[in-house]
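# Chains, contacts and geometry: an overview
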Amino acid sequence: MRHRHAELRSALMSAIVLVIVVLMATSASGQDSSPATAADADDAATSPDSTPETPREVNVTSVAQDDEIVERLEEILTSTEWFADEEVDVRNGVAFLRGTTTDERFREWAGTLAGKTEDVVAVVNRIKVREPPIFDLTPAWMEIKDLGRGAIRTLPLLGISLVLLLLTWFAASALQSIGDSTFLKRIQTKLLREVTRKAVVIPVLLLGLFLVLRITGLTQLALTLLGGTGLFGLVVGIAFRDIAENFLSSILLSMQNPFRYGDLIEVDGKLGFVQRVNTRGTLLMTMDGNHVQIPNSTIYKGTIVNFTSNPNRRFSFVIGIGYDTAPTEAQETALRVLDEHPAVLDDPEPQVLVESLGSSTVNLTIYAWVDASQHSWIKVQSSVMRLVLKAAEDAGFSMPDDQREIVFPAGVPVQMLSTDDTPATSQVNKPEPTQSTRSEVVSNKAEGDFRSEAAELQQQARQSRDPEEGEADLLDGHQTTAPGPAGRR
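The structure presented is a predicted model; accordingly, all values stated were derived computationally and were not measured.

What counts and what doesn't
- Residues numbered from 1 in each chain as written.
- Predicted model: local features only at pLDDT ≥ 70, side-chain atom pairs only at ≥ 80, totals over all residues.
- Heavy atoms only, no water.
- Axes fitted to C-alpha atoms, helices over the stretch in contact; angles between N-to-C directions.
- Helix = DSSP H or I, 4+ residues; strand = E, 2+ residues; numbered from the N terminus.
- Parallel < 35°, antiparallel > 145°, perpendicular 65-115°, else oblique.
- Left-handed = near helix turned anticlockwise from the far one by under 90°.
- Contact = heavy atoms within 4.5 Å.
- Salt bridge = Lys/Arg side-chain N within 4 Å of Asp/Glu carboxyl O.
- Buried < 20%, exposed > 50% of the residue type's maximum accessible area, 1.4 Å probe, protein only.
- Expected span 1.5 Å × (residues − 1).
- Arc of directions from axis to C-beta.
- Polar contact = N/O pair within 3.5 Å; in protein donor to acceptor, adjacent residues only side chain to side chain.
- Core = buried A, V, L, I, M, F, W, Y, C linked by side-chain atoms within 4.5 Å.
- Pairing = 2+ DSSP bridges.
- Phe/Tyr/Trp six-rings, centres within 6.5 Å; stacked < 30°, edge-to-face > 60°.
- Lys NZ or Arg CZ within 6 Å of the ring centre and 35° of its normal.

This next bit is on the packing of helix 3 (residues 66–80) against helix 4 (residues 104–115). One way to put it is that helix 3 packs onto helix 4 with a least axis distance of 11 Å and a crossing angle of 155°. For the element pair helix 3 / helix 4, the angle class is roughly antiparallel. Every pair of crossing elements has a handedness; the one defined by helix 3 and helix 4 is right-handed. Contacts between helix 3 and helix 4 pair Leu73, Ile76, Leu77 and Thr80 from the former with Trp109, Ala110, Leu113 and Ala114 from the latter.

This brings us to the pattern of salt bridges. One side chain can pair with another of opposite charge once the charged atoms of both are near each other. Tallied over the entire structure, the rule returns eight salt bridges. Between Glu75 and Arg72 there is a salt bridge; the shortest N-O distance is 3.8 Å. One end of the pair is Glu75 and the other is Arg72, both in helix 3 and three residues apart, which spans about a single turn. On the basis of relative accessible area, Arg72 is assigned to the partly exposed category, the value being 28%. As a salt-bridge pair, Arg149 and Asp146 come within 2.1 Å of each other at their nearest N and O atoms. Of this pair, Arg149 and Asp146 both sit in helix 5 (residues 138–181), three residues apart, which is roughly one turn of the helix. Arg149 gets classed as partly exposed once you look at its relative accessible area, which sits at 38%.

The next thing to look at is helix 11 (residues 327–340). The first and last C-alpha atoms of helix 11 sit 20 Å apart over 14 residues, in line with the 20 Å expected at 1.5 Å per residue. Taken as a whole, helix 11 has its buried residues at Ala330, Thr333, Ala334, Val337 and Leu338. Looking straight down helix 11, one finds its buried side chains confined to an arc of 140°; they lie on one side. Against strand 9 (312–322), strand 10 (351–357), strand 11 (361–371) and helix 12 (377–394) lie the buried residues of helix 11.

Let us look at the side chain of Arg197. Tracing the sequence through the fold places Arg197 in helix 6 (residues 190–216). Of the polar contacts made by the side chain of Arg197, one reaches the side chain of Asp180; its length is 2.8 Å. If near-sequence neighbours (up to four positions away) are discounted, Arg197 is found in contact with Gln176, Asp180 and Leu184.

Ranked by internal contacts, the top residues of the largest apolar core, which has 23 residues, are Phe315, Leu364, Ile366, Val380, Val384 and Val388. Among the secondary structure elements, those contributing two or more residues to this core are strand 9, helix 11, strand 11 and helix 12. The element best represented in this core is helix 12, accounting for six residues. Sequence-distant contacts of Val388, defined by excluding residues within four places in its chain, comprise Phe317, Ile319, Ala334, Val337 and Ile366. Of all hydrophobic cores here, the second largest spans 18 residues; its members include Val88, Ala95, Trp109 and Ile127.

This part takes up the sheet that holds strand 3 (residues 122–129). The mixed open sheet is built from three strands, whose spatial order is 1-2-3. Edge positions in the open sheet fall to strand 1 (83–91) and strand 3, since each of these has one partner strand only. Ignoring strand direction, the axes of neighbouring strands in this sheet form an average angle of 10°. One ladder, built from seven bridges, connects strand 1 with strand 2 (residues 94–101); its direction is antiparallel. From the neighbouring strand, Glu87 faces strand 2, where its bridge partner is Arg98. Along the sheet face, helix 4 touches strand 1, strand 2 and strand 3 and points at about 160° away from the line of strand 3.

Quick look at the packing of aromatic side chains now. With the rule as written, the count across this model stands at two aromatic pairs. An angle of 10° between the planes, with centres 4.2 Å apart, marks the rings of Trp82 and Phe106 as stacked. Here Trp82, found in the loop between helix 3 and strand 1, pairs with Phe106, found in helix 4; they are 24 residues apart in sequence, far enough to count as distant. The pair Trp82 / Phe106 is uniform in exposure class, with both members buried. Measuring from centroid to centroid gives 5.2 Å for Trp82 and Trp109, while their planes differ by 75°, and the two rings are edge-to-face. Residue Trp82 is located in the loop between helix 3 and strand 1, and its partner Trp109 is located in helix 4; the two are separated by 27 residues in the primary sequence. One exposure class covers both Trp82 and Trp109, and it is buried. A network of ring pairs unites the aromatic residues Trp82, Phe106 and Trp109 as a single cluster. A cation over an aromatic ring shows up here: Arg91 above the ring of Phe96, its NZ or CZ 4.4 Å from the ring centre.

Printed below as a string of structure tokens:
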């Protein structure tokens, strides 16, 4: 029984709704098909900016008298509220119109209306258009009233738009949470994960924003600004060109992975350890402890030197010996120093090569390899240079100055004159080399130990203020040191 009552109530409500819809449709069609009468003139009076329309014919009676025409026209003119001191006089079918109005269009409309009235053969339109006062604030007041009415009518739309924005935000957040717990887990690269997440969430937000614009009636305005004039799109394109370029470069760098967190790289003349990579740029800490931000587009288009991908690093320096020294002996002496140094690798093996023959010296270039992940190549180079110099001095090698010293390897002949003018010759021999009394150690206090500076700089980076606090880091993991080729130590 209750089920039947529910069905009846449902059917009754449906019938009531159907009847209301039919009545509304009938009323609307009746209003649209009614002729232009005094009620139409009242509606036109509410919008004086619109062009007034006149009916095709104004019927009075089957046989219209002059006084009847006068009465009918005066009623119409009065109902429009467009005229002041309006007066109609009809004699023998000729209508005389008098009065004042504020617009020329109203004056013409009154003349046309009188001409279309039944049994009117001619119209003499003497209605005058009065000039508005100079300080007339009525238009401004009317505009303010229209704005107020428009704002009041817009309040419900704004409320609905706000609710729709909140729903859009919750939908985007829910979609992001679902993505993080499902398919986004399979993406290993952090940057690609962020890009995929935005590619899923942004269309939902754009759809919600489009619906809000449609509800508030600003869709056409938005389309005009974005694509109609083209100026806004041009300005946005120029302003965000670098941002888009850096964003795309960050994606490509994340896919190619030319460096990792903590790697020592050199880009655009800047040398430092990688601290962070975001969608705008890459943050480095230089060897001086300074933070340097390099745009990703510069890194992607530039030359990247990665000193950490291969931990072994070679250094070289030049030493000049005199021509009185056998080059082979000097090479063996320098190579002995390299073999005995604890931080120089045997594989790749060090080399001592004759580079060039100067005006007073034979120039030797010394090459040696260091495991940069364990040792500082700058400190090792300093130590090796000291030890090679000490070994050359101990061996008695001459190292003349190329600019200020002239060496005579065979000595200088000197002729001595005695008191009886008898020439006596003697030859000054080359002095024997003397052993240096100073001692050299492998590592001194000034150089410190040979440990790499990477750990110290990372510690400084953790203690320093983050120059871009809040930016997302797009590199995964922490610094990792790839094992290099095993040396003899």
